[in-house]
Amino acid sequence: MRFKSLRSFVTLLVGSCILILVAALVSYSMIANSRSQALIEDRASELLRDNARERLLVLAEAQSQDIQRRLERALLLAEQLADTNALMGQRDAEGLPRLSLGRHELSNLTHNLVVENPDLLDAFIGWEPNAFGNDAVFAGKTDEGYDGSGRFMPWWYRSGEGQIEVLPLGGSMESEERNAEGIRAGEYYLCPKETKRPCIIDPHYYDYGGERYLVTSFNVPILVDGDFRGVAGVDLDVHFLQGLLEKANAGLYSGAGEMSLVGSRGVLAGATADAAGLGKLADEVLGEGMQKRLTAARDAGEAVFAFDEAQKSFEVTQPFTIGDSGETWVLSMTLPEQAVMAGLIDLHDELAGQRDADLVGMLLMGLVIALLGLLASYVVGGSIARPLRQLAE
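Throughout what follows, the structure given in this document is the object of discussion. (Residues numbered from 1 in each chain as written. Predicted model: local features only at pLDDT ≥ 70, side-chain atom pairs only at ≥ 80, totals over all residues. Heavy atoms only, no water.)

## What to know about the overall build of the protein chain
Right, so step 1: Each helix and strand counted, the protein chain has eight helices and eleven strands in total.
Right, so step 2: Taking all 393 residues of the protein chain together, 41% fall into the buried category.
Right, so step 3: In the protein chain, 58% of the contacts between residues at least 6 apart in sequence involve partners at least 24 apart.
Right, so step 4: As presented, the protein chain carries roughly 20,500 Å² of accessible surface, and 55% of it is formed by carbon and sulfur atoms. (Helix = DSSP H or I, 4+ residues; strand = E, 2+ residues; numbered from the N terminus. Buried < 20%, exposed > 50% of the residue type's maximum accessible area, 1.4 Å probe, protein only. Contact = heavy atoms within 4.5 Å. Areas by Shrake-Rupley, 256 points an atom, 1.4 Å probe, with all protein chains shown as cover.)

Shown next as structure tokens:
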């Protein structure tokens, strides 16, 4: 390219260098800024994930311990009632009964257990035939918890009027008939009899004097020298568990997650996402995938934290065992990644906005510098070309 004047040549040469330098500096600044932003987001994402993991694990442990404590209290009452009954058949060193109570006194003791524990719906005793004396003596009796057979099986329960009344446990004690969840009608009696250990029946809805309650049954075998003599138990309305989960969930990322509680036999005891599913099998309400994770946590015997890539959510499953029953319930917590990363998304938007503002600022500054450079090169070019022009003349 041929230039008509030296000034034009100097201006173009110097101006091009300035423009290249400004473009290089702006490009480098943008690349460095992007790398810094990516590093900040990665570190922030890691910290947020760690924080979510710790919060979920701590909350799961705290909630499971609270639930465990409340359920174990009901189990303890059933165990104490069973131990008292067992003393009737045990003998001391002199061959005398360790405790001497008649049926009437033992029935009253069961009645008082309900009176003194307003959170209980009922308490009951069910002895094997002729295990508590001769049933024939009481044959034909149809009051005070008898059904005419003479078998000792008083069931003290709260009626709809708030009174505490007594009925016999009746024929359901040894019924093998199963409900929709596969639990036998006589599970509260048959399970302790077959296993000789405490059995906790998963929650189901029952009617008490016209009132519908979500009931969990705590049943303990009456054992005398290892021989099964009967069952003692209490029933607890566990609908309060739903309130516990809802309150805890509301305090975690403004209620963005979900919590559920599943009994040892797979029945849903609490669910913030679907309260209508309480008392049903968890896999029917929560889905097969969740049920597999609950089973895995129960088998592991410890809390399991995972991230579900498909659902984009954090999950914690916390198993806990109720007393010495061997019955393991599982508490599940699910939290959407979006809720955890909400702060990071805001940070990303702020950084992106700041980056765009910086880019505009640097481009304007580069343009100003380039214009000043062009002006300076034009002046310098003129100062160089003037002496040469004079010499040529």
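From this point, the narrative continues.
## Some points on the nonpolar core
Right, so step 1: Core analysis: the largest hydrophobic core is formed by 61 residues, its most contacted members being Ile-67, Leu-71, Phe-218, Val-234, Leu-241, Leu-261 and Trp-329.
Right, so step 2: It is helix 1 (residues 6-89) that provides the largest number of residues to this core, a total of 14 residues.
Right, so step 3: Not counting the four nearest positions on each side in its chain, Val-234 is found in contact with Ala-74, Ala-78, Leu-113, Leu-120, Asp-122, Ala-123, Phe-124, Thr-216, Ser-217 and Phe-218.
Right, so step 4: Formed by eight residues, the second largest nonpolar core is a distinct cluster that contains Phe-124, Met-153, Leu-169 and Tyr-189. (Core = buried A, V, L, I, M, F, W, Y, C linked by side-chain atoms within 4.5 Å.)

## Description of the pairing of strand 4 (residues 199-208)
Right, so step 1: With respect to burial, strand 4 is a largely interior element, seven of its ten residues being buried.
Right, so step 2: Here eight bridges tie strand 4 to strand 5 (residues 211-224), and the two strands are oriented antiparallel to one another. Within strand 5, the position partnered with Ile-200 by the bridge is Phe-218. (Pairing = 2+ DSSP bridges.)

## Remarks on the state of the cysteines
Right, so step 1: Applying the stated criterion to the full structure yields one disulfide.
Right, so step 2: With its sulfur 2.0 Å from that of its partner, Cys-191 forms a disulfide with Cys-199. Handedness of the Cys-191-Cys-199 disulfide follows from its S-S torsion of about -75°: it is left-handed.
Right, so step 3: Under the relative-accessibility criterion, Cys-199 is labelled buried at 1%. (Disulfide = S-S within 2.5 Å.)

## Some points on the environment of Tyr-205
Right, so step 1: When you line up the elements, Tyr-205 lands in strand 4.
Right, so step 2: For Tyr-205, a relative accessible area of 28% translates into the label partly exposed.
Right, so step 3: Taking C-alpha positions, Tyr-205 is 6.0 Å from Val-215, a pair spaced ten residues apart along the chain.
Right, so step 4: Apart from the residues lying within four places of it in its own chain, the contact partners of Tyr-205 are Arg-212, Tyr-213, Leu-214, His-239 and Leu-278.

## A short note on the sheet that holds strand 10 (residues 313-321)
Remark on secondary structure: sheet strands pair via backbone hydrogen bonds, oriented parallel or antiparallel.
Right, so step 1: Read across the open sheet, the five strands follow the order 8-7-11-10-9; overall the sheet is antiparallel. The open sheet is flanked by strand 8 (268-271) and strand 9 (304-308), the only strands paired with a single partner. Each neighbouring strand pair of the sheet contributes to a mean axis angle of 15°, computed without reference to strand direction.
Right, so step 2: In the sheet, strand 7 (residues 258-262) pairs with strand 8 via three bridges, with the strands oriented antiparallel. Opposite Val-262, over in strand 8, you have Leu-268 as the bridge partner.
Right, so step 3: Docked against the sheet, helix 4 (residues 240-250) engages strand 7, strand 8 and strand 11 (328-336), running at close to 150° with respect to strand 7. (Axes fitted to C-alpha atoms, helices over the stretch in contact; angles between N-to-C directions.)

## Remarks on the sheet that holds strand 3 (residues 164-168)
Right, so step 1: Across the sheet, six strands lie side by side as 3-2-1-6-5-4; this open sheet has antiparallel pairing. Two strands close off the open sheet at either side, each with one partner strand: strand 3 and strand 4. Averaged over all adjacent pairs, the angle separating strand axes in this sheet is 25°, with direction ignored.
Right, so step 2: Its contacts with the sheet place helix 2 (residues 103-116) against strand 1 (120-127), strand 2 (154-158), strand 3 and strand 6 (227-237), and it is angled at close to 160° to strand 1.
Right, so step 3: Strands in contact with helix 3 (residues 187-195) are strand 1, strand 4, strand 5 and strand 6; relative to strand 6, the strand with the most contacts, it is inclined by about 140°.

## Here's the deal with the pattern of salt bridges
Right, so step 1: Counting across every chain of the model gives 15 salt bridges.
Right, so step 2: Measuring nitrogen to oxygen at the nearest pair gives 3.4 Å for the salt bridge that ties Glu-174 to Arg-151. With a gap of 23 residues between them, Glu-174 in the loop between strand 3 and helix 3 and Arg-151 in the loop between strand 1 and strand 2 connect regions that are remote in the sequence.
Right, so step 3: A salt bridge links Glu-194 to Arg-184, with the nearest nitrogen and oxygen atoms 3.0 Å apart. Here the residue Glu-194 occupies a position in helix 3, and Arg-184 occupies one in the loop between strand 3 and helix 3, the gap between them amounting to ten residues.
Right, so step 4: The exposure class assigned to Arg-184 is buried, which follows from its relative accessible area of 10%.
Right, so step 5: One network of salt bridges, in which partners are shared, links Glu-176, Arg-184, Glu-187, Glu-194, Arg-265 and Glu-327. (Salt bridge = Lys/Arg side-chain N within 4 Å of Asp/Glu carboxyl O.)

## Concerning a nonpolar patch on the surface
Right, so step 1: Side chains of Met-365, Val-368, Ile-369 and Leu-372 sit close together on the surface and give an oily, nonpolar patch of about 380 Å² of accessible area.
Right, so step 2: For Val-368, the position within the fold is in helix 8 (residues 342-392). (Patch = residues over 30% accessible without salt bridge, like charges linked within 9 Å, V, L, I, M, F, W, Y side chains within 5 Å.)

## Focus: helix 3
Right, so step 1: Residues of helix 3 that are buried: Glu-187, Tyr-188, Tyr-189, Leu-190, Cys-191 and Pro-192.
Right, so step 2: For helix 3, the elements touching its buried residues are strand 1, strand 4, strand 5 and strand 6.
Right, so step 3: Directly beyond the C-terminal end of helix 3, a positive phi value near 55° is found at Lys-196.

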